Amino acid sequence: MTVLRLFKPAILPLAALVAGLTLAACSMGGGGGGSTAIALAPGLSARMDQPGATLDRAQAIAMINAYRATTGVGALTPDAALDGTSQALANQYAQTGTPPKTPQGLAVMKLSAGYATFAETFSGWRNNGADAVGLRAAASKAGVAVAFNPSSSYGVYWVLVLGN
């Protein structure tokens, strides 16, 4: 019993730290019960740095929508045409290594290279001021894509396009 009393003061701060980290991890997905499930979805942490990897576009857009909801911005609707545009741009980016120009008619285009998962890519965008503004842009539709080129400088290339 004496041993437990000696460690009890150390256990309380440790328990508080664990609880705080757990809450912080939950709030990273945008807060609330529903966003925690989005942040932990397997498709968001699937590695795209291998041949044949497939992006779960619905989960990617859901993660962006969870973030937009925390900032009071309306949700985006996944759009097959914008997925096609973003895939063509991602393929071009992966082959040339040169960032593509934003096509006419799009509200926003976000690019990234080198991140293996969508979760990492999204975190990069969310934590960069200019990219975060783009994620919150006035738009109603979105397309997202990834391309892998193992012989390129960054390997994995991401494109997000937003439109109306």
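In every chain, residue numbers begin from 1 and rise along the written sequence. This being a predicted model, a pLDDT of at least 70 is required before a residue's local features are given, and a value of 80 or more before pairs of side-chain atoms are given or counted; all residues contribute to the totals for chains, interfaces and linings. Only hydrogens and water are removed before side-chain values are computed, so all heavy atoms of the structure are retained for them.

**Q** Is there a simple way to explain helix α6 (residues 118-126) in this structure?
**A** Side chains that are three or four residues apart share a direction in an α-helix, a result of its 3.6 residues per turn. For α6, the complete set of buried residues consists of Phe118, Thr121, Phe122, Trp125 and Arg126. Burial along α6 is one-sided: seen end-on, the buried residues are contained in an arc of 130°. Whether a residue is buried, partly exposed or exposed follows from its accessible area with a 1.4 Å probe, protein chains only, as a fraction of its type maximum: under 20%, in between, or over 50%, in that order. Only DSSP runs of H or I covering at least 4 residues are called helices, and only runs of E covering at least 2 are called strands; the numbering of each starts at the N terminus. An arc is given here, and it is the one of the directions from the helix axis to the C-beta atoms.

**Q** Please clarify how the sheet that holds strand β4 (residues 156-163) should be interpreted in this entry.
**A** Either a parallel or an antiparallel arrangement is found when strands of a sheet pair, and the pairing is made through backbone hydrogen bonds. In this scheme, strands are said to pair when DSSP sees at least two bridges between them. Here 4 strands make up an open sheet; going across it, the order is β1-β3-β4-β2 and the pairing mixed. Lying at the two open borders of the sheet, with one neighbouring strand each, are β1 (77-78) and β2 (108-113).

**Q** It is not clear to me how the pattern of salt bridges should be interpreted in this structure. Could you clarify?
**A** Close approach of charged atoms allows side chains of opposite charge to pair. Here a salt bridge means any side-chain nitrogen of Lys or Arg lying within 4 Å of a carboxyl oxygen belonging to Asp or Glu. Tallying each qualifying case throughout the model produces 3 salt bridges. For Arg47, the salt bridge is made with Asp49, and the minimal N-O distance between the two is 2.5 Å. Exposure remark for Arg47: the relative accessible area of 45% places this residue in the partly exposed category. With a relative accessible area of 29%, Asp49 lands in the partly exposed category. Between Asp83 and Arg57 there is a salt bridge, with its nearest N and O atoms 3.6 Å apart. Here the residue Asp83 occupies a position in helix α5 (residues 80-96), and Arg57 occupies one in helix α4 (residues 57-70), the gap between them amounting to 26 residues. Judged by relative accessible area, which is 17%, Asp83 ranks as buried.

**Q** Teacher, can you tell me more about the pairing of strand β3 (residues 141-148) here?
**A** On a regular strand, one side chain projects to one face of the sheet and the next to the other, so that they alternate. Among the 8 residues that make up β3, 6 are buried, leaving the element largely enclosed by the rest of the structure. Where β1 lies against β3, 2 bridges are found, and the strand directions are parallel. Residue pairing across strands places Thr77 opposite Lys141, the latter belonging to β3. Examined bridge by bridge, β3 and β4 share 8 bridges and lie antiparallel to one another. Counterpart to Ala147 in the pairing with β4 is Tyr157.

**Q** Sorry if this is basic, but what is going on with α4 here?
**A** In this model, α4 (14 residues) spans 20 Å end to end at C-alpha, consistent with the 20 Å of a helix rising 1.5 Å per residue. Burial in α4 covers these residues: Ala60, Ile61, Met63, Ile64, Asn65, Ala66, Tyr67 and Arg68. Think of a polar contact as two N or O atoms within 3.5 Å of one another; within protein, one of them needs to be a possible hydrogen donor and the other a possible acceptor, and neighboring residues in sequence only count if both atoms come from side chains. Two or three places before Ala58, at the opening of α4, Asp56 has a side-chain oxygen 3.3 Å from that residue's backbone nitrogen. In the stretch just after α4, Gly72 is the one whose phi turns positive, near 80°. To estimate how far a helix should reach, multiply one less than its number of residues by 1.5 Å.

**Q** What am I meant to see in the packing of α4 against α6 here?
**A** The description of two packed helices rests on the angle between their axes and on the distance between the axes. Whenever a helix is involved, its axis is fitted only over the stretch in contact; in every case the axis is a line through C-alpha atoms, and angles between N-to-C directions fall within 0 to 180 degrees. It is the contact of α4 with α6, at a shortest axis distance of 11 Å, that shows an interaxial angle of 30°. Comparing the axis directions of α4 and α6 gives the class roughly parallel. Remark: the crossing between α4 and α6 carries right-handed chirality. Residues Ala60, Met63, Ile64 and Tyr67 of α4 lie in contact with α6, whose contacting residues are Phe118, Ala119, Phe122 and Arg126. For the contact of α4 with α6, a count of residues per class yields 7 nonpolar, no polar and 1 charged. For classification purposes, an angle smaller than 35 degrees is called roughly parallel, one larger than 145 roughly antiparallel, one from 65 to 115 roughly perpendicular, and anything else oblique. The crossing is said to be left-handed when, going from far helix to near helix, the turn is anticlockwise and less than a right angle, and right-handed when the turn is clockwise. Only heavy atoms enter the contact rule, under which two residues are in contact if any of them lie within 4.5 Å. In this classification, the charged set is Asp, Glu, Lys and Arg, the nonpolar set is Ala, Val, Leu, Ile, Met, Phe, Trp, Tyr, Cys and Pro, and all remaining amino acids, among them Gly, are polar.

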